[in-house]
Amino acid sequence: FAANSIIPTANLTASSPTGTWYSTAPYKGAIAPNAAGAWYANWSFYDNLVSGNTNSDPFTTPTNDVTVDQAWMDNQASANNNMINWNKNTLYKLSGFVFVKSNVTLTIQEGTIIQGMAGTGASASALIVARGGKIMAEGTASEPIIFTFDGDNGNTPATNRGQWGGLILLGNASLNSTPGETQIEGIPTSNALGLYGGTDDADNSGTLRYVSIRHGGSNIGNDNEINGLTLGGVGSGTTI
């Protein structure tokens, strides 16, 4: 990226990778400089920015909505044998920290819209997949799954940040720190569901495919925030 720019720069010379599990690419960084065939083309908010449109596309939210807090999630898991399903005909509004607990699987249908309610500090909203939990969020290019803030119907500037928390995935993979597990930023240390790390490098936290996460980044405290997407100790069985 050029300085102060969101647009990928022209091709740069990249050194050959030393690990056999790397794929060689003719550019530096995660994003190819040419939009044709790029992973973000024709479905993501980022594709708008590359084309010079700094607002998201408008979309229509369902008239039926559900407020999702931890009690609601726990009741759904208990009533449905730990299998929770969200569908595109319902608008899901996150209230506070909402955890997908161990042994629970949350499946989100393509085209589903999830909105995080406003709040900072202990009142921030976020969806957290705890260790042992799983999210199956498989959108499509024509029907991406959208995480955004409460009240958003699209046509919102990219600069409208920090309106809710974000999406956090925590796994059991090994860490490069001691003692091998730690608390994710943004979740109080008093809540053990915020721990990540372990010994299973092939751990599977689920799948994120064609998922657009917008306007996140609530401030929790000084130098302590939840970003759009946060991964902690996520294993290689996870697909993103």
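Residues numbered from 1 in each chain as written. Predicted model: local features only at pLDDT ≥ 70, side-chain atom pairs only at ≥ 80, totals over all residues. Heavy atoms only, no water.

Asks: Even after reading the chapter, I still don't get the overall build of the protein, so can you show me in this structure?
Replies: Tallying secondary structure elements over the protein gives two helices and 17 strands in all. Counting only residues that meet the buried cut, the protein has 41% of its 240 residues in that class. Taking all contacts inside the protein whose residues are at least 6 apart in sequence as the whole, residues at least 24 apart take part in 73%. Looking at the protein as shown, the accessible area adds up to about 12200 Å², and 46% of this sits on carbon and sulfur atoms. (Helix = DSSP H or I, 4+ residues; strand = E, 2+ residues; numbered from the N terminus. Buried < 20%, exposed > 50% of the residue type's maximum accessible area, 1.4 Å probe, protein only. Contact = heavy atoms within 4.5 Å. Areas by Shrake-Rupley, 256 points an atom, 1.4 Å probe, with all protein chains shown as cover.)

Asks: Looking at this structure, how should I read a nonpolar patch on the surface?
Replies: A cluster of nonpolar residues, Leu229, Leu231 and Ile240, forms a patch on the protein surface that exposes about 280 Å² of accessible area. Here Ile240 lies in the segment after strand E17 (229-232). The class of Ile240 is exposed, set by a relative accessible area of 58%. (Patch = residues over 30% accessible without salt bridge, like charges linked within 9 Å, V, L, I, M, F, W, Y side chains within 5 Å. Salt bridge = Lys/Arg side-chain N within 4 Å of Asp/Glu carboxyl O.)

Asks: Sorry if this is basic, but what is going on with the packing of aromatic side chains here?
Replies: Given two aromatic rings, one states the distance between the centres and the angle between the planes to describe the pair. Inspection of every chain in the model, using the stated rule, returns five aromatic pairs. Seen from their ring centres, Trp43 and Tyr210 are 5.1 Å apart, and the 80 degrees between their planes marks the pair as edge-to-face. Of this pair, Trp43 sits in the segment before helix H1 (45-50) while Tyr210 sits in the loop between strand E13 (206-209) and strand E14 (211-213), placing them 167 residues apart in sequence. On the numbers, 6.3 Å between centres and 10 degrees between planes, the contact of Phe147 with Trp164 is stacked. With Phe147 in strand E9 (residues 145-149) and Trp164 in the loop between E9 and strand E10 (166-170), this pair connects stretches of sequence that are 17 residues apart. Across this residue pair, the class does not change: Phe147 and Trp164 are buried. Members of the aromatic cluster, each reached through a chain of ring pairs, are Trp39, Tyr40 and Tyr46. (Phe/Tyr/Trp six-rings, centres within 6.5 Å; stacked < 30°, edge-to-face > 60°.)

Asks: Any chance you could explain unusual backbone geometry here in plain terms?
Replies: Trans is the common state for peptide bonds, and a negative phi is the common state for residues other than glycine. With an omega dihedral of 20 degrees, the bond running from Thr178 to Pro179 counts as a cis peptide bond. Examined against the element boundaries, Pro179 turns out to sit in the loop between E10 and strand E11 (182-183). A positive phi is found at Asn42, a non-glycine position, where the angle reads about 70 degrees. Relative to the helices and strands, Asn42 resides in the segment before H1. You will see that His215, though not glycine, has its phi angle at about 60 degrees, which is positive. Looking at the element boundaries, His215 is found in the loop between E14 and strand E15 (219-221).

Asks: Just to check I follow, could you spell out the environment of Ala126 for this structure?
Replies: Tracing the backbone shows Ala126 in strand E7 (residues 126-129). Apart from residues no more than four positions distant in its own chain, Ala126 is found in contact with Leu94, Gly96, Phe97, Val98, Trp164, Gly166 and Ile226.

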